[in-house]
Amino acid sequence: MIAVNSADDVTPIVPRALCFAIDYGQSLEEMIAAGHYGRVNRNITAKHFPIKPKRSLFIRRRVVRFEAQCIHPNRCISSENVLNVIGYVDTCNPWMPANIEQILSYGAVFPEEQCKHPIVGLGSVAEVIGGRGVPSLGRVNFSRELLLSGWDGMWTPEYRFLAVREI
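This section reports on the structure supplied with the text. (Residues numbered from 1 in each chain as written. Predicted model: local features only at pLDDT ≥ 70, side-chain atom pairs only at ≥ 80, totals over all residues. Heavy atoms only, no water.)

Here the focus is the overall build of the chain. Regarding its fold elements, the chain presents five helices and 13 strands. A burial count over the chain gives 44% of its 167 residues as buried. Considering only contacts within the chain whose residues lie at least 6 apart along the sequence, 73% involve residues at least 24 apart. With an accessible surface of roughly 8500 Å², the chain has 53% of that area assigned to carbon and sulfur atoms. (Helix = DSSP H or I, 4+ residues; strand = E, 2+ residues; numbered from the N terminus. Buried < 20%, exposed > 50% of the residue type's maximum accessible area, 1.4 Å probe, protein only. Contact = heavy atoms within 4.5 Å. Areas by Shrake-Rupley, 256 points an atom, 1.4 Å probe, with all protein chains shown as cover.)

As structure tokens, then:
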């Protein structure tokens, strides 16, 4: 996890990234089922969040490995500013905001993480019910949930933002 107080202050809290793999042969529905969520937002569909692997990745192999870090700004912050922070964490080997398949795979492999704090994937944005929505992992009572959160507005300090890069 990375704690970020400003674009000038990026401090690793945990010095290691967590690794996971995505099987691009799976459909969005299969990826959601693998997470065993107690509740899934009905607007998280293949229509709103299509799985679009890079063609070069798909040709080379069906399963792609990633490493992930949870970025923690530890303050109220906009989605645009989170993207700037993610890009600033490691400019030599850059991180990208997690898209739908990356956040789903992360949630399936590390289900306990979303019980500690909500985790957002800013790499997939869909126009849903007149606004922009992004997938997020959260918990309500004892139920792990796959949610649709708003892109616009400010994120409160409790949120983490999943950043990934291919291994």
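Having seen the model, we can carry on.
Before going further, it helps to spend a moment on the side chain of E101. Locating E101 in the fold gives a position in helix α4 (residues 100–109). A polar contact of 3.3 Å, which involves the side chain of E101, links it to the side chain of N99. (Polar contact = N/O pair within 3.5 Å; in protein donor to acceptor, adjacent residues only side chain to side chain.)

Across the 10 residues of α4, eight count as buried, placing the element largely inside the fold. Every buried residue belonging to α4 is among I100, E101, Q102, I103, L104, S105, Y106 and G107, and all of these are buried.

Turning our eyes to something else, we now look at the pattern of salt bridges. Across all of its chains, the model carries six salt bridges by this definition. A salt bridge links D90 to R165; the shortest N-O distance between them is 3.1 Å. In this pair, D90 sits in the loop between α3 (79–89) and β7 (96–97) while R165 sits in strand β13 (residues 160–166), placing the two residues 75 residues apart along the sequence. For D90, a relative accessible area of 24% puts it in the partly exposed group. The class of R165 is buried, set by a relative accessible area of 14%. (Salt bridge = Lys/Arg side-chain N within 4 Å of Asp/Glu carboxyl O.)

Centre-to-centre distance and the angle between the planes together describe a pair of aromatic rings. Per the stated rule, a full pass over the model turns up five aromatic pairs. Ring plane angle 50° and centroid distance 5.2 Å describe the contact between Y106 and F110, whose orientation is recorded as tilted. Side by side, Y106 and F110 carry an identical accessibility label, which is buried. Linked through ring pairs, F20, F66, Y106 and F110 together constitute an aromatic cluster. (Phe/Tyr/Trp six-rings, centres within 6.5 Å; stacked < 30°, edge-to-face > 60°.)

Turning next to the environment of I51. Tracing the backbone through its elements, the reader meets I51 in the loop between β4 (39–40) and α2 (55–60). Distance from I51 to L28, taken between C-alpha atoms, is 6.7 Å for residues 23 residues apart in sequence. The contacts of I51, once residues within four sequence positions are left out, are Y24, L28, M31, I100 and E101.

The next thing to look at is α3. Turning to α3, its buried residues number three or more, namely S79, V82, V85 and I86. All buried residues of α3 project into a common sector of 110° when viewed along the axis, lining one side. (Arc of directions from axis to C-beta.)

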